[in-house]
Amino acid sequence: AQSVAQPEDQVNVAEGNPLTVKCTYSVSGNPYLFWYVQYPNRGLQFLLKYITGDNLVKGSYGFEAEFNKSQTSFHLKKPSALVSDSALYFCAVRDSGHAGNTPLVFGKGTRLSVIA
Amino acid sequence: SAVISQKPSRDICQRGTSLTIQCQVDSQVTMMFWYRQQPGQSLTLIATANQGSEATYESGFVIDKFPISRPNLTFSTLTVSNMSPEDSSIYLCSVAKTGTSGYNEQFFGPGTRLTVL
């Protein structure tokens, strides 16, 4: 079975400082990994994905994530946080070994708060 | 990619009534998914809907409570039946489709925010 763990319910960071939002996963095959962001009263927005290739993936709004197979992690990072980055962040996984269109499994979410 | 619209975008309903949520996709897709996001929680898969067959429900969700229709390859509905305040959630429609990466990716609608009084 697939699963995703986001160990932190809340991450607080000062504006201008680097931020990290942690995610670990479990799949039986190779993972497809995703990060989504949800701003208050808004829909789910796609940030970035890892399918194959370079372990460091760059996405929207200056975010990046590094796929680490040995640690089964896919942490989200940004070099310099903005107050406008404050939102709820979800990590999601799908097993590439599953045929067809299996749905994503989501972590419980991490609320990021960037303080001015 | 896929552009997904949902109707209604939000609604406030009385206990005991039912609400049908519509999901429209701008292209044909094989599988559509319905998720629920309870307040402050993550997304939980309710069911997977294939065109021309019965929806497949996840543990904890039943057809009598959440009947789903999938009449064609671009449209689906989810009904929340006999609602209670515990059904207050955001309901999201999602589709899987080949993205720019060449692999199957998942796209989400804007969600329907349901409040049950």
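Right above here is the structure, for reference.
For clarity, every value in this text was computed on a predicted model and none was experimentally measured. (Residues numbered from 1 in each chain as written. Chains lettered and ligands numbered in written order. Predicted model: local features only at pLDDT ≥ 70, side-chain atom pairs only at ≥ 80, totals over all residues. Heavy atoms only, no water.)

### Thoughts on the pairing of strand 11 (residues 112–116) of chain B
All names here are of chain B.
In step 1: A one-sided burial pattern is seen for strand 11, the buried positions being Thr112, Leu114 and Val116 and the unburied ones Arg113 and Thr115.
In step 2: Pairing of strand 2 (residues 10–13) with strand 11 involves four bridges; the strand directions are parallel. Paired with Ile12 across the bridge in strand 11 is Thr115.
In step 3: Note that strand 9 (residues 89–98) and strand 11 share three bridges and pair antiparallel. The residue bridging Ile90 from the neighbouring strand is Arg113, located in strand 11. (Buried < 20%, exposed > 50% of the residue type's maximum accessible area, 1.4 Å probe, protein only. Helix = DSSP H or I, 4+ residues; strand = E, 2+ residues; numbered from the N terminus. Pairing = 2+ DSSP bridges.)

### Digging into the pattern of salt bridges
Residues and elements named next belong to chain A.
In step 1: Enumeration according to the criterion identifies four salt bridges over all chains in this entry.
In step 2: As a salt-bridge pair, Lys108 and Asp9 come within 2.0 Å of each other at their nearest N and O atoms. With Lys108 in the loop between strand 11 (105–106) and strand 12 (110–115) and Asp9 in the loop between strand 1 (3–5) and strand 2 (10–14), the pair connects residues that are 99 residues apart, well separated along the chain.
In step 3: Here Asp9 falls in the exposed class, since its relative accessible area comes to 54%.
In step 4: Note that Lys58 is salt-bridged to Glu64, the shortest N-O span being 2.9 Å. (Salt bridge = Lys/Arg side-chain N within 4 Å of Asp/Glu carboxyl O.)

### Here we look at the nonpolar core
In step 1: Membership of the largest hydrophobic core comes to 28 residues, with the highest contact counts inside it found for Trp35(A), Leu47(A), Leu48(A), Phe74(A), Leu76(A) and Tyr89(A).
In step 2: In terms of residues, this core owes the most to one element, strand 10 (residues 87–95) of chain A, which gives four residues.
In step 3: Among residues more than four places away in sequence, those in contact with Phe74(A) are Cys23(A), Leu33(A), Phe34(A), Trp35(A), Leu48(A), Lys49(A), Tyr50(A), Ala65(A), Glu66(A) and Phe67(A).
In step 4: Counting 27 residues, the second largest nonpolar core, distinct from the first, contains Ile21(B), Val25(B), Ile46(B) and Ala47(B). (Core = buried A, V, L, I, M, F, W, Y, C linked by side-chain atoms within 4.5 Å. Contact = heavy atoms within 4.5 Å.)

### Considering the interface of chain A and chain B
In step 1: If you look at the interface, chain A gives 20 residues, while chain B gives 21 residues.
In step 2: Summing both sides of the interface, chain A and chain B together bury roughly 1,700 Å²; the carbon and sulfur share of this comes to 55%.
In step 3: The tally of links between chain A and chain B comes to zero salt bridges.
In step 4: One can count five residue pairs in polar contact (both at pLDDT 80 or more) joining chain A with chain B.
In step 5: Among the secondary structure elements, those contributing two or more residues to the side of chain A that touches chain B are strand 5 (31–38), strand 6 (44–50) and strand 10 of chain A.
In step 6: Across the side of chain A that touches chain B, the residue classes tally to nine nonpolar, eight polar and three charged. (Buried area = accessible area lost by both parts, 1.4 Å probe. Polar contact = N/O pair within 3.5 Å; in protein donor to acceptor, adjacent residues only side chain to side chain. Nonpolar A, V, L, I, M, F, W, Y, C, P; charged D, E, K, R; others polar.)

### Focus on the environment of Val83(A)
Residue and element names in this part refer to chain A.
In step 1: Structurally, the position occupied by Val83 is in the loop between strand 9 (73–78) and strand 10.
In step 2: Judged by relative accessible area, which is 35%, Val83 ranks as partly exposed.
In step 3: It is 6.2 Å that separates the C-alpha atoms of Val83 and Ile115, two residues lying 32 residues apart in sequence.
In step 4: If near-sequence neighbours (up to four positions away) are discounted, Val83 is found in contact with Glu15, Val114 and Ala116.

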